[in-house]
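# Notes for the structure review
Spelled out, the chains give:
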Amino acid sequence: MAPGAAPAAQLAFLALLGTLLPGPGGARTSIHPSKAIIPRGGSLRVNCSMSCDQKATFGLETELTKKVVSHGNNWKVFELSDVQEDINLLCYSNCHSEQTIATMNLTVYWIPERVELAPLPLWQPVDEELNLSCLVYGGAPRDHLSVVLLRGEEELGRQPVGKGEPTEVMFTVQPRREDHGINFSCRWELDLRSQGLELFQNTSAPRKLQTYVLPSTDPHLEAPRVVEAGSRWPVKCTLDGLFPAWDAKVYLVLGDQKLESNLTYNGDSVSAEAWLEENEEGTHSLKCSVNLGEKDRRTRSNVTIYSFPVPTLTLSPPEVSEWTTVTVECVTRDGAVVMLNGVSAEPPGPRAQLKLNVSADNHGSNFSCSAALKIAGQVVHKNQTRELHVLYGPRLDQRDCLGNWTWQEGSEQTLKCEARGNPIPKLNCSRKGDGASLPIGDLRPVKWEVAGTYLCRATSARGEVTREVVLNVLHGQNIPGIVIPVVAVVLILGALGTAGYIYNYQRKIQIYELQKARKAQEEAALKLHAQSTPP
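Structure report, in brief. Here the structure is a predicted model, which is why all the values come from computation and not from measurement.

What the rule picks out here adds up to four aromatic pairs. Between Trp123 and Tyr212 the ring centres are 6.0 Å apart and the planes differ by 90 degrees, which places this aromatic pair in the edge-to-face class. Linking Trp123 in the loop between strand S9 (114–117) and strand S10 (124–125) with Tyr212 in strand S18 (residues 211–212), this pair joins segments that are 89 residues apart in sequence. As far as the burial class goes, Trp123 and Tyr212 line up, both buried. Between Phe243 and Trp246, the ring centres sit 5.9 Å apart and the planes meet at 80 degrees, which makes this aromatic pair edge-to-face. Here Trp246 falls in the partly exposed class, since its relative accessible area comes to 48%.

Quick look at the structure:
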């Protein structure tokens with residue numbers, strides 16, 4: 001039987017015998033290499049040889065294109081080209097009318113054309129299973145080809161690639177919050193290191209996953225039940241437990257009018273705030289909708305629009321000099337009750353008034369007028385405030401600017417000196433003698449040259465005040481070393497001064513008593529002389 005006519009199973013059996021048993025007379029057929037792996041479309045040289053003591057017939061059995069590139073008496077080298085798929089090669093020889101064979105496995109590899117990650121859902125709920133599909137196009141040998149699912153650079157799973165074109169490889173993941181905005185991709189790996197080659201790999205284009213959490217609760221809507229026509233009222237809609245909250249959209253709608261709102265994100269919460277303004281009296285529907293992940297949560301309430309005039313709060317006059325009497329008056333519509341600075345009118349009614357003799361301490365004081373009106377069983381309020389401006393002259397006292405500062409040379413200090421007044425006074429501090437400016441602010445470090453006595457002058461359109469500021473700088477020694485002797489000297493001088501004062505006081509009393517006695521004697525002598533003189 002010709003070698004090429006044998007069935008595949010028979011060839012395999014003959015190959016096994018040919019590799020294990022020599023022919024008659026010890027003849028043997030061999031093939032080199034015994035196995036090989038080449039890229040698809042590549043070429044390979046195969047050496048078929050035999051051991052026979054006489055002339056014999058031998059060759060290479062294959063369907064591939066081949067040619068003899070070298071030969072000898074008992075060997076031939078064949079070159080195989082354009083190999084497209086795996087194949088078993090068979091070398092045969094006929095020696096002593098007996099045939100022996102040798103086989104080799106030729107494996108063809110080729111890298112996949114591409115790998116793709118199937119499109120992801122636009123939004124994926126957190127903790128819900130997600131099936132990801134990797135599509136592999138081409139690649140062989142399949143028993144060395146696998147697909148890896150990647151989350152960023154992290155490997156989540158690995159599976160072999162089966163048959164089919166393209167081959168779909170499925171992975172199941174359970175997305176987390178941390179996966180939001182993370183890229184997922186597929187990577188094929190053709191590992192031929194066991195065949196003496198390398199690890200081939202390539203990665204698909206990444207796809208970004210967007211995960212979300214939308215609670216089952218409805219948004220919380222904060223809005224007034226009644227609103228005055230023509231006024232503006234804040235409306236707030238909040239929903240907690242969102243993720244990612246910053247991707248949520250919030251819509252506020254009054255009737256058929258969409259309100260322009262400002263969104264605030266705080267952790268897993270989102271809030272929308274808007275101003276409600278409506279002139280048409282009646283009951284209107286206010287709706288709030290929070291949208292995330294192509295789903296939404298909604299809530300609604302009713303708002304009643306009513307008319308209520310703005311209370312009038314007047315300060316007469318609104319800007320005064322100190323120690324002037326100011327009249328504060330609050331007035332609203334009939335049927336309403338006002339409170340002025342938290343105090344109700346007596347008797348309760350739409351008007352309240354107070355008089356105040358203002359001082360500098362009243363500058364910037366706020367006066368409030370609150371009007372209350374009962375509408376549909378609910379008390380509504382309208383508030384008005386006014387600020388009082390008191391004009392007063394400059395102030396520059398101990399709390400504004402200390403009169404005496406004592407610091408160690410080289411230390412770091414802060415000198416504070418600021419004048420008060422309305423209008424704000426201008427402050428100028430200059431040193432006596434040379435006119436140097438007082439170093440107000442940070443002194444880092446304190447220098448000996450800044451010591452001295454300064455005259456500070458605060459001026460405004462309402463007057464002028466002065467204050468003397470003494471700045472002492474201790475040079476070359478610590479403060480306690482100077483202060484203790486100074487205090488001792490002061491105490492000694494004080495004691496001496498007190499003793500001197502007492503001594504002088506007693507001496508003056510003695511002199512006074514002597515003068516008084518001498519005067520009495522003189523008066524008695526004069527009286528006696530007058531009596532003794534004849535008329």
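Anyway, onward from the coordinates.
This paragraph deals with the sheet that holds strand S26 (residues 282–292). One open sheet holds the five strands; their spatial order is S20-S27-S26-S22-S23, and the pairing between them is mixed. The open sheet terminates on both sides in strands that have one partner only, identified here as strand S20 (226–228) and strand S23 (257–259). On average, each strand axis in the sheet is inclined to that of its neighbour by 35 degrees, with strand direction left out of account. Where strand S22 (residues 249–254) lies against S23, three bridges are found, and the strand directions are antiparallel. In the sheet register, Leu252 faces S23, and the bridge partner there is Leu259.

Mapped onto the elements, Thr211 comes out in strand S18. Among the polar contacts made by the side chain of Thr211, one reaches the main-chain carbonyl oxygen of Arg176 at a distance of 3.3 Å. Apart from the residues lying within four places of it in its own chain, the contact partners of Thr211 are Trp123, Gln124, Val126, Pro175, Arg176, Arg177, Asp179, His180, Phe243 and Pro244.

In total, this model carries seven disulfides according to the counting rule given. The residue that forms a disulfide with Cys134 is Cys186, at a sulfur-sulfur distance of 1.9 Å. Its S-S torsion of approximately -75 degrees makes the covalent link between Cys134 and Cys186 left-handed. Of this pair, Cys134 sits in strand S11 (residues 130–137) while Cys186 sits in strand S15 (residues 182–191); the two residues are 52 residues apart in sequence, bridging distant segments of the chain. Taking the relative accessible area as the measure of exposure, Cys134 reaches 0% and is therefore buried. Residue Cys186 is classed as buried on the basis of its relative accessible area, which comes to 0%. Here Cys330 pairs with Cys369 through a disulfide, and the sulfurs are 1.6 Å apart. In this pair, Cys330 sits in strand S30 (residues 325–331) while Cys369 sits in strand S34 (residues 366–375), placing the two residues 39 residues apart along the sequence. When its relative accessible area of 0% is taken as the criterion, Cys330 is described as buried.

Conventions and cut-offs
Residues numbered from 1 in each chain as written. Predicted model: local features only at pLDDT ≥ 70, side-chain atom pairs only at ≥ 80, totals over all residues. Heavy atoms only, no water. Phe/Tyr/Trp six-rings, centres within 6.5 Å; stacked < 30°, edge-to-face > 60°. Helix = DSSP H or I, 4+ residues; strand = E, 2+ residues; numbered from the N terminus. Buried < 20%, exposed > 50% of the residue type's maximum accessible area, 1.4 Å probe, protein only. Pairing = 2+ DSSP bridges. Axes fitted to C-alpha atoms, helices over the stretch in contact; angles between N-to-C directions. Polar contact = N/O pair within 3.5 Å; in protein donor to acceptor, adjacent residues only side chain to side chain. Contact = heavy atoms within 4.5 Å. Disulfide = S-S within 2.5 Å.

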